Amino acid sequence: HIENLTRAPPEPLVETAPLPAAKKRKPEPAVRPYIPQASVQEDRVEPIRGIRKAMVKSMNAAHAIPHFGYYDDIDMSSLVQLRYDLKSTSKARGFKLSFMPFIIKSTSLALLEYPVLNASVDSNCENITYKASHNIGIAMDTPDGLIVPNIKNVQSLSLHQIALELNRLHELGINGKLGPSELKGGTFSLSNIGSIGGTYARPLIMPPEVAIGALGKISVRPKFNHEGEIVKAHTMQVSWSADHRVIDGATMARFSNIWKSYLEKPGTMLLDTR
Ligand code: CAO
């Protein structure tokens with residue numbers, strides 16, 4: 001317990017104002033409340049049930065898939081600025097706008113160019129089905145454990161609609177109220193582990209899907225600009241895992257480049273959003 005009490009407070013997740021305007025206001029570091037954990041006084045056996053049992057099944061199936069990983073850094077500075085600019089609008093409209101709706105939409109836009117990543121394979125890996133709908137699964141950390149509801153038909157949703165649906169699913173997830181309609185039918189998954197912390201991860205594919213992406217924490221890092229000067233940049237790492245039986249590294253890299261270009265120049269999403 002002494003260790004917990006003396007630990008330095010965690011850094012804030014991300015500066016709320018963009019760079020360099022961030023100089024105006026330095027966010028105060030979040031102070032982590034000390035939550036005493038109930039310690040285990042003696043060994044206790046607990047059956048694995050419910051969501052944890054479902055995780056045993058899906059992760060055992062995932063483990064049978066030959067995964068390969070692909071990692072990259074994304075400069076999120078423009079997106080940090082854009083979200084900052086839109087925050088008062090989203091507040092006035094009564095919805096929460098995190099980075100996820102942009103990340104989800106850019107995933108769908110990149111999937112339009114690489115439909116092989118929005119696909120499923122049968123159990124013997126003899127057939128691949130290209131899915132018409134982009135039902136993007138979002139890994140959620142809930143009081144019941146890891147759960148992955150999906151946002152249906154992202155290819156035809158606006159950023160506003162995606163944000164509303166994400167807020168709805170998150171609320172249901174926190175309250176243990178997600179049903180089969182929200183949990184079934186996912187075609188591609190994203191895991192924003194960066195909302196808790198970390199940079200890279202090694203996400204496991206949700207079978208029968210063929211790829212998944214894990215997002216790291218957006219943090220300010222040094223970067224060389226076009227003039228060769230060192231500037232501050234809001235940087236996020238992505239870790240993709242794909243089924244190497246049907247997806248090759250070059251495909252994953254090309255897909256990731258398109259996804260990255262939408263996030264680094266978020267205005268370009270407007271050009272391609274239907
Ligand atoms: N980097 C920096 N800041 C981030 C961030 C990131 N990667 N992700 C979220 N944030 C910020 C948000 O912008 C928000 O900031 P504001 O309060 O200023 O708006 C704040 O952190 C809280 O975000 P959130 O978590 O409520 O919302 P979200 O839409 O970003 O993410 C969800 C929703 C459900 C993906 C997330 O809450 C969650 O559960 N993440 C964990 C996923 C997980 O467990 N993955 C592991 C799976 S394998 O076991």
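These numbers were taken from a predicted model, which means no experiment stands behind them.

Trainee: Help me out: how do you make sense of the overall build of the protein chain in this one?
Mentor: A tally of helices and strands in the protein chain yields 8 helices and 11 strands. Taken across its 274 residues, the protein chain has 39% of its residues classed as buried. Residue pairs in contact within the protein chain that sit at least 24 positions apart in sequence constitute 64% of those at least 6 positions apart. In the structure as shown, the protein chain presents an accessible area of about 15900 Å², 56% of it carried by carbon and sulfur atoms.

Trainee: Honestly, the side chain of S120 in this entry has me stumped. Any pointers?
Mentor: Checked against the element boundaries, S120 lands in strand β2 (residues 119-121). S120 sits in the buried class, given a relative accessible area of 12%. Those residues in contact with S120 that sit more than four places away from it in its chain are N127, I128, T129, K131, P208 and V210.

Trainee: Explain the site of the ligand to me, please; I cannot follow it from the model alone.
Mentor: Near the ligand, the surroundings consist of 24 residues, among which K96, S98, D141, N192 and I218 are the closest. A distance of 2.8 Å is found between a nitrogen atom of the ligand and a backbone nitrogen or oxygen belonging to I218. Here the ligand, which alone exposes 970 Å², has 78% of that area covered by the protein. Judged by its atoms lying within 2 Å of the grid points, the ligand is housed in the largest pocket.

Trainee: Is there a simple way to explain the confidence of the model for the protein chain in this structure?
Mentor: Interpretation of this model should avoid reading the predicted coordinates in detail wherever pLDDT is low. Residues of the protein chain with pLDDT of at least 70 account for 89%, and the chain-wide mean is 91. Note on residues 1-12: pLDDT under 50 across the span, and 14 contacts to partners over four residues away in sequence or across chains. Model confidence for the complex: the whole-complex pTM is 0.90, and ipTM, which rates the interface, is 0.97.

Trainee: It is not clear to me how the pattern of salt bridges should be interpreted in this structure. Could you clarify?
Mentor: Oppositely charged side chains can pair when the atoms bearing their charge come close. All told, the structure shown has 7 salt bridges when counted by the stated rule. For E46, the salt bridge is made with R44, and the minimal N-O distance between the two is 3.3 Å. Between R245 and D243 there is a salt bridge whose closest N-O contact spans 2.7 Å. D243 sits in the buried class, given a relative accessible area of 0%. If you follow the salt bridges from partner to partner, you end up with R44, E46 and R52 in one network.

Trainee: Any chance you could explain the nonpolar core here in plain terms?
Mentor: Generally speaking, nonpolar side chains in soluble globular proteins are found buried as a group. Among the nonpolar cores identified, the biggest contains 50 residues, and I103, I104, W259 and L263 are the most heavily contacted of them. Sequence-distant contacts of I103, defined by excluding residues within four places in its chain, comprise M76, L190, L215, M236, W259 and L263.

Trainee: Hey, could you run me through helix α3 (residues 77-93) in this one?
Mentor: Owing to its 3.6 residues per turn, the α-helix aligns residues three or four sequence positions apart on the same side. Between its terminal C-alpha atoms α3 stretches 24 Å, which fits the 24 Å expected from 17 residues at 1.5 Å a residue. At L86, α3 shows its largest bend, some 40°. Residues of α3 that are buried include every one of L79, V80, R83 and S90, and no others. For α3, the elements touching its buried residues are α4 (100-113), β11 (230-243) and α7 (249-264). Among the residues trailing α3, G94 stands out with phi positive, at a value near 85°.

Trainee: In this structure, what is going on with the layout of surface pockets? I would like to understand it.
Mentor: If a probe the size of a water molecule is rolled over the atoms, the empty space left behind becomes visible. By volume, the largest pocket amounts to about 1100 Å³. As for the largest pocket, its lining consists of 41 residues, of which M100, A139, N192, I193 and S195 are closest to the centre. Where the lining of the largest pocket is concerned, the elements lending two or more residues are α4, β5 (140-142), α5 (159-174), β8 (188-191) and β9 (211-215). Looking at the lining of the largest pocket residue by residue, the classes come out as 25 nonpolar, 10 polar and 6 charged. Contributing to the lining of the second largest pocket are 27 residues, with S58, V148, L183, M206 and P207 lying nearest its centre.

Trainee: I keep staring at the pairing of strand β10 (residues 219-224) and nothing clicks. Help me out?
Mentor: Working note: regular strand, side chains alternate between the two faces of the sheet. By the bridge criterion, 6 bridges tie β10 to β11 in an arrangement that is antiparallel. The residue bridging S219 from the neighbouring strand is T235, located in β11.

Trainee: I would appreciate a short explanation of the pairing of β8 in the present structure.
Mentor: Neither face of β8 is open: one carries F188 and L190, the other S189 and S191, and all of them are buried. Bridge count between strand β4 (residues 136-138) and β8: 3 bridges; the pairing is parallel. Across the sheet, residue G137 finds its bridge partner in β8, namely S189.

Trainee: Please explain the packing of α4 against α7 as it appears in this structure.
Mentor: Any two packed helices are characterised by the angle at which their axes cross and by the distance between the axes. The N-to-C vectors of α4 and α7 enclose an angle of 140°; their axes lie 9 Å apart at closest approach. Classified by the interaxial angle, the pair formed by α4 and α7 is oblique. Considering how the two elements wind past one another, α4 and α7 form a crossing that is right-handed. Contacts between α4 and α7 pair F102, I103, S106, T107, L109, A110, L111 and E113 from the former with F255, I258, W259, Y262 and L263 from the latter. Considering only residue class, the contact of α4 with α7 consists of 10 nonpolar, 2 polar and 1 charged.

The rules behind each value
- Residues numbered from 1 in each chain as written.
- Predicted model: local features only at pLDDT ≥ 70, side-chain atom pairs only at ≥ 80, totals over all residues.
- Heavy atoms only, no water.
- Helix = DSSP H or I, 4+ residues; strand = E, 2+ residues; numbered from the N terminus.
- Buried < 20%, exposed > 50% of the residue type's maximum accessible area, 1.4 Å probe, protein only.
- Contact = heavy atoms within 4.5 Å.
- Areas by Shrake-Rupley, 256 points an atom, 1.4 Å probe, with all protein chains shown as cover.
- Near = heavy atom within 4 Å.
- Polar contact = N/O pair within 3.5 Å; in protein donor to acceptor, adjacent residues only side chain to side chain.
- 1 Å grid on protein atoms, 1.4 Å probe; cavity = no way out; pocket = protein on both sides within 12 Å on 5 of 7 lines; lining within 4 Å.
- Sits in = over half its atoms within 2 Å of the grid points.
- pLDDT = per-residue confidence, 0-100.
- Salt bridge = Lys/Arg side-chain N within 4 Å of Asp/Glu carboxyl O.
- Core = buried A, V, L, I, M, F, W, Y, C linked by side-chain atoms within 4.5 Å.
- Expected span 1.5 Å × (residues − 1).
- Bend = angle between axes of the 7 residues up to and from the residue.
- Points joined across faces, edges and corners; volume = space filled by probe spheres on them.
- Nonpolar A, V, L, I, M, F, W, Y, C, P; charged D, E, K, R; others polar.
- Pairing = 2+ DSSP bridges.
- Axes fitted to C-alpha atoms, helices over the stretch in contact; angles between N-to-C directions.
- Parallel < 35°, antiparallel > 145°, perpendicular 65-115°, else oblique.
- Left-handed = near helix turned anticlockwise from the far one by under 90°.

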